Amino acid sequence: MESNCCAPEVHDATACPASGIRGKAVPLITLKALLTPPALARLTPEETFRLCPDPVCDVVYFSPSQTYGTGDLKVPVFQKDQAAGVPVCYCFAHTRADLERAAVTGTGQALEASIRAHVQAGRCGCEVNNPQGSCCLGNVVTVLRSLNRQERT
């Protein structure tokens, strides 16, 4: 039986180096918009960055040679921070607390419809406002559905 002790270690560039969870590619404009000035000064723009979705991992963005943690961003990250004041919808400033209130008052569908209308009208700026670099409407829908299920139990 042959030993692999000297074989080079293969790193999956799509997996977070801290958590090992696969990350979704994020547009460079997202990092440029949301990194703090000192973190932005370290950015290697030629690399592809991914978002680590693991809520217990401090790494937000990673590339083959760089990582940025929660302290490197100007905003809290929905996937990493469970506080009530953290945005779920970054463009229109709807927080977890807002969604909880909407679920309790029965206005969740109206809130979701309002966001959908803004997106359809071209007012969404998720690529620069949302740390995941893509539309946050899916997060809003997921949170509202979860809250509605909790209300029924």
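Residues numbered from 1 in each chain as written. Predicted model: local features only at pLDDT ≥ 70, side-chain atom pairs only at ≥ 80, totals over all residues. Heavy atoms only, no water.

Quick notes on the side chain of R50
And then number 1: Tracing the backbone shows R50 in strand β2 (residues 49-51).
And then number 2: Beyond its immediate stretch of four places on either side in the chain, R50 contacts A13, T14, G23, K24, A25, V26, V60, Y61 and F62. (Helix = DSSP H or I, 4+ residues; strand = E, 2+ residues; numbered from the N terminus. Contact = heavy atoms within 4.5 Å.)

A word on the packing of aromatic side chains
And then number 1: The tally for this structure, following the rule as stated, stands at one aromatic pair.
And then number 2: On the basis of an interplanar angle of 45° and a centroid distance of 6.0 Å, the ring pair of F49 and Y68 is categorised as tilted. A residue pair is termed long-range when its members are at least 10 positions apart, and F49 in strand β2 and Y68 in strand β4 (residues 67-69) qualify at 19 residues. We note that F49, like Y68, is buried. (Phe/Tyr/Trp six-rings, centres within 6.5 Å; stacked < 30°, edge-to-face > 60°. Buried < 20%, exposed > 50% of the residue type's maximum accessible area, 1.4 Å probe, protein only.)

A look at the UniProt feature "domain: CopZ zinc binding" (unreviewed entry) in the protein
And then number 1: Mapped onto this structure's residue numbering, the UniProt feature "domain: CopZ zinc binding" (unreviewed entry) falls at residues 14-74.
And then number 2: The straight-line gap between the two end C-alpha atoms of residues 14-74 is 24 Å; of that span, 18% is helix and 21% is strand. (UniProt positions renumbered as here; feature names shortened; annotations may be inferred.)

Points about the domain arrangement of the protein
And then number 1: Per the domain assignment, the segments of the protein are domain 1 (24-72) and domain 2 (87-151).
And then number 2: The distance between the C-alpha centroids of domain 1 and domain 2 comes to 23 Å.
And then number 3: Across the domain 1 to domain 2 interface the summed buried area is about 590 Å²; carbon plus sulfur atoms make up 59%.
And then number 4: The three residues of domain 1 that bury the most area against domain 2 are K24, T30 and L34, which together make up 47% of that side's buried surface.
And then number 5: In this assembly, domain 1 and domain 2 are joined by zero salt bridges.
And then number 6: With four residues, the top contributor of residues to the side of domain 1 that touches domain 2 is helix α1 (residues 28-34).
And then number 7: Grouping the constituent residues of the side of domain 1 that touches domain 2 by class yields seven nonpolar, one polar and one charged. (Domains from an automatic or database assignment. Buried area = accessible area lost by both parts, 1.4 Å probe. Salt bridge = Lys/Arg side-chain N within 4 Å of Asp/Glu carboxyl O. Nonpolar A, V, L, I, M, F, W, Y, C, P; charged D, E, K, R; others polar.)

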